[in-house]
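What the coordinates show
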Amino acid sequence: MTKKLLIAVAAILAVVVIAAIAVALFFDANQFRPALAAQIGEALGRRVEIGSLRISWLAGGVAAEDVVILDDPAFSKEPFVSAKSVSIGVDMMTLLRARSLHVESFTLDRPRVALLRGSKGDWNFSTLGTTQPSSSNTMGAISVLVQKIRISNGQVTVRGIGAA
């Protein structure tokens, strides 16, 4: 009896592992890339570029490579934030079941942040998130509620621009 129970548990675990591997191989997280970049860009009021996305079981979500948030055009045409990789914690069950992306956390790895102070004393980050979302938002599949942001091995540059 115990032997049959162990075999049944092993078979169930094997099916779960095979299903997880199949999802990782055949589920293309890049299908969410344009919508995710647009939604985050709209929330920040900046253009956002995302390299490639992939499911990351170890991080509990999606891993993005080469993420760039452009600066306010009044300050610079260079990136405000660029990161080699970003781990995006998502609700995996909602992602797999409903094909809906609910973002919960971000971990930026090796980001470069440029903080610029204008000649009038204003900062380039002061306009983040100040734009109103468009009413024509048809990307209802993405919910961005960030509960945690973690930064590792980052570099911040602070400088003034224009006459003081």
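Just so we're clear, the structure is a prediction, and the values are computed from it rather than from any experiment.

1. Remarks on the overall build of the protein chain
Along the backbone of the protein chain there are three helices and seven strands. Each helix and strand of the protein chain, ordered N terminal to C terminal, gives the series α-α-β-β-β-β-α-β-β-β. Expressed as a percentage of the 164 residues in the protein chain, the buried residues total 30%. Long-range pairs, those at least 24 residues apart, make up 61% of the contacts in the protein chain between residues at least 6 apart in sequence. For the protein chain, the exposed surface amounts to about 10500 Å²; the carbon and sulfur share of it is 61%.

2. What about the environment of Arg110?
Assignment of secondary structure puts Arg110 in strand β5 (residues 101–117). Remark: the alpha-carbon pair of Arg110 and Ala83, spanning 27 residues in sequence, is separated by 5.7 Å. Look past the residues within four positions of Arg110 in its chain and what remains in contact with it is Ser82, Ala83, Lys84, Ser152 and Asn153.

3. Looking at the packing of aromatic side chains
Enumeration over the complete set of coordinates arrives at one aromatic pair. An angle of 25° between the planes, with centres 5.7 Å apart, marks the rings of Trp123 and Phe125 as stacked. The exposure class of Phe125 is partly exposed, given its relative accessible area of 37%. One Lys or Arg, Arg46, reaches over the ring of Phe80 and ends 5.2 Å from the middle of that ring.

4. Topic: the side chain of Asn124
Residue position: Asn124 is located in the loop between β5 and β6 (142–152). What Asn124 contacts, discounting residues up to four positions off in sequence, is Arg46, Asp71, Asp72, Phe75, Phe80, Ala114, Leu115 and Leu116.

5. Quick notes on the pattern of salt bridges
Oppositely charged side chains can form a pair if their charged atoms are brought close together. Counted under the stated rule, the structure contains four salt bridges. Measuring nitrogen to oxygen at the nearest pair gives 2.0 Å for the salt bridge that ties Glu49 to Arg47. Given the relative accessible area of 31%, Glu49 is considered partly exposed.

6. A look at the nonpolar core
In this structure, Leu36, Ile50, Leu53, Ala64, Val86, Ile88 and Phe106 are the most contacted members of the largest nonpolar core, which totals 23 residues. Here this core takes six residues from strand β4 (residues 79–90), the largest share from any one element.

7. Overview of the confidence of the model for the protein chain
Looking at the protein chain as a whole, the pLDDT averages 78, with 77% of positions reaching at least 70. No element of the protein chain has a lower mean pLDDT than β6, at 68, and none a higher one than strand β1 (residues 48–49), at 91. In this model, residues 136–141 is a region of pLDDT below 50 whose contacts with residues beyond four sequence positions or in other chains number seven contacts.

The rules behind the values
Residues numbered from 1 in each chain as written. Predicted model: local features only at pLDDT ≥ 70, side-chain atom pairs only at ≥ 80, totals over all residues. Heavy atoms only, no water. Helix = DSSP H or I, 4+ residues; strand = E, 2+ residues; numbered from the N terminus. Buried < 20%, exposed > 50% of the residue type's maximum accessible area, 1.4 Å probe, protein only. Contact = heavy atoms within 4.5 Å. Areas by Shrake-Rupley, 256 points an atom, 1.4 Å probe, with all protein chains shown as cover. Phe/Tyr/Trp six-rings, centres within 6.5 Å; stacked < 30°, edge-to-face > 60°. Lys NZ or Arg CZ within 6 Å of the ring centre and 35° of its normal. Salt bridge = Lys/Arg side-chain N within 4 Å of Asp/Glu carboxyl O. Core = buried A, V, L, I, M, F, W, Y, C linked by side-chain atoms within 4.5 Å. pLDDT = per-residue confidence, 0-100.

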